Amino acid sequence: MSDQETVRALLRAHGKTFAEEAGIQLKDTPQPLYRLLVLAMLLSARIRASVAVETARALADAGMKDPRRMTSATWQQRVDALGEGGYRRYDERTATQLGKGADLLLERYGGDVRRMREAADGDVGRLKDVLQEVPGVGPTGADIFLREVQGIWPEVHPYFDAKTLQGAERLGLPADPGALARLVDRAETPALAAGLIRAALDKEVADEVRAAA
């Protein structure tokens with residue numbers, strides 16, 4: 001089978017971005033970018049991705065869709081929303097981090113994640129550092145955010161971190177960001193990255209894709 005066939009099979013079965021799963025219509029405006037940052041933080045914990053996605057939905061359903069609403073919510077309201085999504089193992093610590101992160105964004109960036117991009121001035125390494133200023137967003141969380149945002153922030157593309165390259169190797173695809181990017185249209189790179197992550201985390205996904213290709 002060709003690399004192209006493998007990628008098509010992966011995208012058909014597992015090519016939904018995590019933002020899409022969380023109900024985020026990602027575009028270059030403050031609210032969806034903030035919701036993506038929260039999702040990236042939730043996904044970076046040692047917890048099932050499905051739980052993190054449901055928790056991101058629960059926070060949005062509770063009205064905590066932007067930094068101002070997040071910081072105006074009480075700590076207990078944040079804990080309750082996290083629990084509603086099933087994020088109970090880390091709920092108290094995460095509720096605190098969400099409040100502190102919202103405060104930081106408001107004080108340093110006017111509540112607008114796009115200003116974090118401006119602060120990086122086109123340097124993706126610097127952007128990764130800036131994202132990690134937010135409590136609870138470490139290197140893994142920053143990678144998650146950048147994988148998903150590469151479809152709307154051109155300077156980030158292509159973004160395939162070490163974990164996505166593990167998935168590529170498992171599928172027999174080239175473990176090289178440039179080579180992977182050439183296998184899809186530019187708009188599909190976030191979906192390809194999400195599929196590769198699923199293949200890296202679950203051998204059954206890789207086996208299924210290889211069988212279908």
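Everything here concerns the structure above.
Thresholds, definitions, all that
- Residues numbered from 1 in each chain as written.
- Predicted model: local features only at pLDDT ≥ 70, side-chain atom pairs only at ≥ 80, totals over all residues.
- Heavy atoms only, no water.
- Helix = DSSP H or I, 4+ residues; strand = E, 2+ residues; numbered from the N terminus.
- Rg over C-alpha atoms; globule rule 2.2 N^0.38 Å.
- Buried < 20%, exposed > 50% of the residue type's maximum accessible area, 1.4 Å probe, protein only.
- Contact = heavy atoms within 4.5 Å.
- Areas by Shrake-Rupley, 256 points an atom, 1.4 Å probe, with all protein chains shown as cover.
- Lys, Arg positive; Asp, Glu negative; His and termini not counted.
- Charge placed at Lys NZ, Arg CZ, Asp CG, Glu CD.
- Core = buried A, V, L, I, M, F, W, Y, C linked by side-chain atoms within 4.5 Å.
- 1 Å grid on protein atoms, 1.4 Å probe; cavity = no way out; pocket = protein on both sides within 12 Å on 5 of 7 lines; lining within 4 Å.
- Points joined across faces, edges and corners; volume = space filled by probe spheres on them.
- Nonpolar A, V, L, I, M, F, W, Y, C, P; charged D, E, K, R; others polar.
- Phe/Tyr/Trp six-rings, centres within 6.5 Å; stacked < 30°, edge-to-face > 60°.
- Lys NZ or Arg CZ within 6 Å of the ring centre and 35° of its normal.

### Focus on the overall build of the protein
Scanning the protein from terminus to terminus reveals 14 helices and 0 strands. For the protein, the succession of helices and strands along the chain, N to C, is α-α-α-α-α-α-α-α-α-α-α-α-α-α. Computed over C-alpha atoms, the radius of gyration of the protein comes to 17 Å, within 12% of the 17 Å expected from 2.2 N^0.38 for 213 residues, which places it in the range of a compact globule. Principal axes of the C-alpha set define a box for the protein whose edges measure 55 × 35 × 25 Å. Per-residue burial over the protein gives 52% buried out of 213 residues. Within the protein, contacts between residues separated by at least 24 positions form 64% of all contacts whose residues are at least 6 apart in sequence. Carbon and sulfur atoms make up 44% of the accessible area of the protein, which totals about 9800 Å². Here the protein contributes 30 positive and 32 negative side-chain charges, whose respective centroids are spaced 2 Å apart.

### Here's the deal with the nonpolar core
Core analysis: the largest hydrophobic core is formed by 53 residues, its most contacted members being Leu39, Leu42, Leu59, Val113, Phe145 and Leu146. In terms of residue count, helix H3 (residues 30-43) provides more of this core than any other element does, 10 residues in total. With residues near it in sequence (within four places) discarded, Phe145 still touches Leu33, Leu36, Leu37, Ala40, Val113, Leu131 and Trp153. Among the nonpolar cores identified, the runner-up in size contains 21 residues, and Leu171, Leu173, Leu183 and Ala206 belong to it.

### Remarks on the layout of surface pockets
Within this model, the largest pocket holds a volume of roughly 300 Å³. Lining the largest pocket are 14 residues, and of these Leu43, Thr140, Ile144, Ile197 and Leu201 sit closest to its centre. Grouping the constituent residues of the lining of the largest pocket by class yields 8 nonpolar, 2 polar and 4 charged. Of the voids in this model, the second largest pocket is the one considered here, and its volume is about 190 Å³. In terms of lining residues, the second largest pocket is bounded by Thr17, Ala19, Glu20, Ile24, Gln25, Leu26, Glu148, Gly151, Ile152, Ala187, Pro190 and Ala191. Contributions of two or more residues to the lining of the second largest pocket are made by helix H2 (18-21) and helix H13 (189-201). Residue classes in the lining of the second largest pocket are distributed as 7 nonpolar, 3 polar and 2 charged.

### Quick notes on unusual backbone geometry
At the junction of His157 and Pro158, the peptide bond is cis and its omega measures out at -5 degrees in the coordinates. You will see that Asp121, though not glycine, has its phi angle at about 50 degrees, which is positive. With respect to the helices and strands, Asp121 occurs in the loop between helix H8 (114-120) and helix H9 (124-131).

### With respect to the packing of aromatic side chains
What characterises a pair of aromatic rings is the spacing of the ring centres plus the angle enclosed by the ring planes. Summed over the entire model, instances satisfying the criterion amount to 2 aromatic pairs. Between the aromatic rings of Tyr87 and Tyr90, the centroid separation amounts to 6.1 Å while the plane-to-plane angle is 50 degrees, which identifies the pairing as tilted. Neither residue differs from the other here; Tyr87 and Tyr90 are each classed as buried. The residue whose ring lies beneath Arg198 is Phe18, and the NZ or CZ to ring-centre distance is 4.3 Å.

Everything listed here is a matter of coordinates, which is why it stays silent on function.
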